[in-house]
Amino acid sequence: MAIFTSLNTVLFAIFAFIFYTIGLVLYRLFLSPTSKFPGSKLAASTLWYEFYYEAILPGQFTFKIREWHEKYGPIIRINPYEIHVDDPGFYHTVFSNSGIRDKHAFYTGQFGNPNTAFGAVSHDTHRMRRQALNPLFSKASVVRLTPVISTIIEKLCRRIDEVKGTDRPLNMRLVYMCFTTDVVTRYALNRSWDLLDSADFSPLWKEMVRSTGEMTKWTKQFPWLFGVVKTLPEWVIKGLKPDLGLVLDMQTKINTQILQIMQEKEPKPAISDEQEQLPRTIFHALWNNPNIPSEEKSIDHLGQTGQDVIGAGGESTGAALAVTTFYLLNTPRALKKLKTELEEAMPDKYGQWALSLAEGLPYLTGVVLEGLRLFYGVSSRLSRIAPTTPLKYQNWEIPANTPIGLTNLLLHHHPSIFPDSHSFLPERWLDNRPLEHYLFSFSKGSRQCVGINLAKAEIFLTLATLFRRFEMELFDTTFERDVDVRRDMFLPQPSRESRGIRVVFR
Ligand code: HEM
């Protein structure tokens, strides 16, 4: 009798599950506020479709979205909740400066950083966190701290001098990442992590960034995985994945510094007068800010912000430099024009570049913007939610509270805005700065990148210095294998077979 009762309970549970699933799919297909939008019915029924293309294939969902746009038009539904639009003209409406814009919890959940500006779902929480960071990364602050960047560029040059004149190539994806991580840690934490001192340019660090990007494909679907990893002892994580062990080391390093700041035991570093006028670190900026409530000042909150700034500041800027270096060395006409401009502006090839001098050069400016365009910034779609206002696109009304995504990998190739979009053409930006309206690498609006000024300063100064000082050649590097974006790991990634962007210095 008891067996029959248990059997009945199991059967009931199975039938209830089946009915619930059928009901949910029918709701999503016919009744949900986004059901009227065109797109794949299977993708609209379940998030498992996206999961398959994101995690199992992996990193292929973005390319599927491109295929769907070709089939269904500029506005489509890509999963049970989200709309995707492929139209640069609509970007500023979605990524608005003045409107209220939330992020989608499904998006932020994949990073495990809910206590940061980046990870804030609600508009108001984001505003509160962001205003504390803004002064440190304003244009004026970056200009004032240019000497910090220049000092680290000189260190980079000394490392290059070690191989100059030999046939030993440097993998510039690694080299630049060490450089940008040293800059952002010196700039934001007032302590450089000195990755440029590493003899082999710290490949494990790069590996860690790559595998955390890959992990987001799983944590997007299963955000609770972060909780599981936190319960594992450190030695287990380090044993299973040595590169993830670096994340733990980074957390420890950051948290120790925060604790010292909280207890006012941080050794006072040798900082210049200019820096004295700014919060000494991002942690001081948050800790001493009266507008940030005390519950936002825990080690966890401050630590997550530290990790975000270092992760975002190091990898993206380093990859932008590497990709731009590739395009320059692969386009002799552009390389020649740049070198001529640099030589005229800086007769002494060992001279030190003022930021204003580098930024004032029209061709270098075209190179930087074109590099940012073809690097894309983020290869995944970014999305925003207008929580209370429906948005209009052509004849469509997108209901309030719907996540709306757009993808740079598609937008930066719109032929009406960027003709011959696959070619590296710095000239397209000459006398055409309004075109920057359509450069989305840093996103736009109230939640765009906070590090734009720092990233651009690093890129301008590094390209000016290196291309004025050194003769360089690509070494066994091809566009198809080493540059073209084949996998979307949130950040753009080349094929698995890639050997890096390698350069020999003459
Ligand atoms: C070429 C280099 C860079 C690119 C392409 C880039 C791109 C982006 C993009 C697209 C976003 C918006 C993400 C979203 O909507 O969810 C973002 C946000 C952010 N970036 Fe960058 N970034 C770069 C450099 C930096 C640097 C140097 C820093 C260091 C300060 C930085 C720190 C941040 C932070 C903290 C956020 C979150 C901002 C917020 O939500 O208010 N980034 N970045």
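The model shown is predicted, which means the values in this text are computed figures rather than measured ones.

(A) Unusual backbone geometry, seen in detail. A positive phi angle is found at Phe 201, which is not glycine, with a value near 60°. Among the secondary structure elements, Phe 201 is positioned in the loop between helix H10 (172–189) and helix H11 (203–219). Unlike most non-glycine residues, Ser 443 shows phi in positive territory, near 65°. Along the chain, Ser 443 turns up in the loop between helix H21 (408–411) and helix H22 (452–469).

(B) Just the pattern of salt bridges, in detail. As enumerated under the stated definition, the model contains 33 salt bridges in all. Measuring nitrogen to oxygen at the nearest pair gives 3.0 Å for the salt bridge that ties Glu 50 to Lys 220. Placement of the pair is Glu 50 in helix H3 (residues 48–56) and Lys 220 in the loop between H11 and helix H12 (225–231), with a sequence separation of 170 residues. In this pair, the class of Glu 50 matches that of Lys 220, namely buried. Residues Asp 476 and Arg 502 are paired through a salt bridge, measuring 2.9 Å at the closest nitrogen-oxygen approach. Taken together, the positions of Asp 476 in the loop between strand S8 (472–474) and helix H23 (479–482) and Arg 502 in strand S11 (residues 502–505) put the pair 26 residues apart, joining distant regions of the chain. A cluster of three or more residues bridged by salt bridges with shared partners is formed by Glu 207, Arg 210, Glu 214, Arg 487 and Arg 496.

(C) Summary view of the UniProt feature "transmembrane region" (unreviewed entry) in the chain. When the UniProt feature table is mapped to this numbering, "transmembrane region" (unreviewed entry) covers residues 12–31. Along residues 12–31 one finds 100% helix and 0% strand; the C-alpha atoms at either end are 26 Å apart.

(D) Local environment of the sheet that holds strand S2 (residues 83–85). Spatial strand order, S1-S2-S7-S4: 4 strands in an open sheet with mixed pairing. Every other strand in the sheet has two partners, leaving strand S1 (75–77) and strand S4 (382–385) as the edge strands with one partner each. Direction aside, neighbouring strands of the sheet carry axes that sit 30° apart on average. Lying over the sheet, helix H4 (residues 61–72) contacts S1 and S2, oriented at roughly 120° with respect to S1.

(E) Region of interest: the pairing of S4. Here S4 shows two buried faces, one formed by Leu 382 and Arg 384 and the other by Ser 383 and Ile 385. Sheet topology note: the S4/strand S7 (residues 403–406) ladder contains 4 bridges and is antiparallel. Opposite Arg 384, over in S7, you have Ile 404 as the bridge partner.

(F) Summary view of the site of the ligand. Close contacts around the ligand come from 29 residues, with Lys 103, Tyr 107, His 126, Arg 130 and Cys 449 the closest. Residue Lys 103 places a side-chain N or O atom 2.7 Å away from an oxygen atom belonging to the ligand. Interatomic distance of 3.5 Å between a backbone N/O atom of Phe 118 and an oxygen atom of the ligand. Listed by contribution, the elements that provide at least two residues to the shell around the ligand are helix H7 (123–137), helix H17 (299–330), helix H20 (362–375) and S4. Among the elements that make up the shell around the ligand, the one with the highest residue count is H17 (6 residues). The residue makeup of the shell around the ligand, split by class, is 16 nonpolar, 9 polar and 4 charged.

(G) Up close: the sheet that holds S11. Read across the sheet, 3 strands follow the order S3-S11-S8 without closing on themselves; strand pairing throughout is antiparallel. The sheet is open, and its two edges are formed by strand S3 (170–171) and S8, each paired on a single side. One ladder, built from 3 bridges, connects S8 with S11; its direction is antiparallel. For Met 472, the partnering residue across the bridge sits in S11 and is Phe 505.

(H) Representation of the coordination of the iron atom of the ligand in the model. Within the protein, a single donor atom binds the iron atom of the ligand, namely Cys 449 (SG) at 2.3 Å. Structurally, Cys 449 can be placed in the loop between H21 and H22.

(I) Spotlight on the layout of surface pockets. Computed from the structure, the second largest pocket encloses a volume of approximately 350 Å³. Where the lining of the second largest pocket is concerned, the elements lending two or more residues are H10 and H11. In terms of residue class, the lining of the second largest pocket is built from 3 nonpolar, 5 polar and 9 charged.

(J) Quick peek at the pairing of S7. Covered by surrounding structure in S7 are Pro 403 and Gly 405 together with Ile 404 and Leu 406, the residues of both alternating faces. For S2 and S7, the ladder comprises 2 bridges, and the chain directions are parallel. By the bridge assignment for S7, Ile 83 is matched with Ile 404.

(K) Focus on H20. In a regular helix each residue adds 1.5 Å, so 14 residues correspond to 20 Å; H20 covers 20 Å between its end C-alpha atoms and thus fits that length. Burial runs high along H20: 13 of the 14 residues are buried. With its phi angle positive at about 75°, Tyr 376 sits one or two positions after the end of H20.

(L) Region of the structure containing helix H18 (residues 332–345). In a regular helix each residue adds 1.5 Å, so 14 residues correspond to 20 Å; H18 covers 20 Å between its end C-alpha atoms and thus fits that length. Of the residues making up H18, those classed as buried are Ala 334, Leu 335, Leu 338, Lys 339, Glu 341 and Leu 342. The arc enclosing the buried residues of H18, seen along the axis, measures out at 165°, which places them on a common side. Turned more than 90 degrees away from the buried face of H18 sit Pro 332, Lys 336 and Glu 344, all of them exposed.

Thresholds, definitions, all that
- Residues numbered from 1 in each chain as written.
- Predicted model: local features only at pLDDT ≥ 70, side-chain atom pairs only at ≥ 80, totals over all residues.
- Heavy atoms only, no water.
- Helix = DSSP H or I, 4+ residues; strand = E, 2+ residues; numbered from the N terminus.
- Salt bridge = Lys/Arg side-chain N within 4 Å of Asp/Glu carboxyl O.
- Buried < 20%, exposed > 50% of the residue type's maximum accessible area, 1.4 Å probe, protein only.
- UniProt positions renumbered as here; feature names shortened; annotations may be inferred.
- Pairing = 2+ DSSP bridges.
- Axes fitted to C-alpha atoms, helices over the stretch in contact; angles between N-to-C directions.
- Contact = heavy atoms within 4.5 Å.
- Near = heavy atom within 4 Å.
- Polar contact = N/O pair within 3.5 Å; in protein donor to acceptor, adjacent residues only side chain to side chain.
- Nonpolar A, V, L, I, M, F, W, Y, C, P; charged D, E, K, R; others polar.
- Donors = N, O, S within 2.8 Å, 3.2 Å for Na, K, Ca; no water.
- 1 Å grid on protein atoms, 1.4 Å probe; cavity = no way out; pocket = protein on both sides within 12 Å on 5 of 7 lines; lining within 4 Å.
- Points joined across faces, edges and corners; volume = space filled by probe spheres on them.
- Expected span 1.5 Å × (residues − 1).
- Arc of directions from axis to C-beta.

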